[in-house]
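# Observations on the model geometry
Residue-level listing of the chains:
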Amino acid sequence: MWYPCGSFKGDEKSAALASNYRDNGLLAGISKNQLDSGVSGSLYRDKDQLVESIVRGYPQLRKSRDSLEFGYKLAYEGLSEEQGKISVVKPEEKKGVFDNLKGMFSG
């Protein structure tokens, strides 16, 4: 069961990604992955506060606080039924290319 717990407002880049995804453009899969990645990174940055807010609003989830799943529904005009379904994402820290290179040479 999914519980609504908040919303994100996208910027112009998000709108362009959503438009390409909706239109099934040449890079629609990449656009969807970038949208997922953006939501995942945003959740990661605010996860502790978000979980506290969730269990305050939905006390029945208190015992499950460490095993919550996160997802989002893309609200963009013209999406197909399939594209409008909930996408499950895992909150993860998003690192840049230089962070990945640094990780390769450390250690």
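Residues numbered from 1 in each chain as written. Predicted model: local features only at pLDDT ≥ 70, side-chain atom pairs only at ≥ 80, totals over all residues. Heavy atoms only, no water.

### Some words on the environment of Asn33
Stated formally: Under the DSSP-based scheme used, a helix requires at least four consecutive residues in state H or I and a strand at least two consecutive residues in state E, with every element numbered from the N terminus. Only protein chains enter the accessibility calculation, which uses a 1.4 Å probe; a residue is then buried when its area is under 20% of its type maximum, exposed when over 50%, and partly exposed in between.
Looking at the secondary structure, you find Asn33 in helix α2 (residues 28–57). Here Asn33 falls in the exposed class, since its relative accessible area comes to 51%. Separated by twelve residues in the primary sequence, Asn33 and Tyr21 have C-alpha atoms spaced 9.7 Å apart.

### Overview of helix α1 (residues 12–22)
Cut-off, in case you're wondering: Within 3.5 Å is the distance limit for a polar contact, defined as a pair of N or O atoms, with the added protein rule that one can donate a hydrogen and the other accept it, and that residues adjacent in sequence qualify only through two side-chain atoms.
The set of residues buried in α1 consists of Leu17, Ala18, Ser19 and Tyr21. N-cap assignment for α1: the residue whose side-chain oxygen lies 3.2 Å from the backbone N of Lys13 is Asp11. Of the residues one or two after α1, Asn24 is the one with positive phi, at around 50 degrees.

### Re the packing of α1 against α2
Put simply, the test is: Lines fitted to C-alpha atoms define the axes, with helix axes restricted to the stretch in contact, and inter-axis angles between N-to-C directions lie between 0 and 180 degrees. The scheme is simple: roughly parallel for angles under 35 degrees, roughly antiparallel for over 145, roughly perpendicular for 65 to 115, oblique for anything else. Crossing chirality is assigned from the near helix's rotation relative to the far helix, an anticlockwise turn below a right angle marking it left-handed and a clockwise turn marking it right-handed. By definition, residues are in contact when any of their heavy atoms lie within 4.5 Å.
The interhelical angle for the contact between α1 and α2, taken along N-to-C directions, is 140 degrees, at an axis separation of 8 Å. Put simply, α1 runs oblique to α2. Relative to α2, the crossing made by α1 is left-handed. Each of Ser14, Leu17, Ala18, Asn20 and Tyr21 in α1 lies in contact with α2, whose residues at this interface are Ala28, Ser31, Lys32, Gln34 and Leu35.

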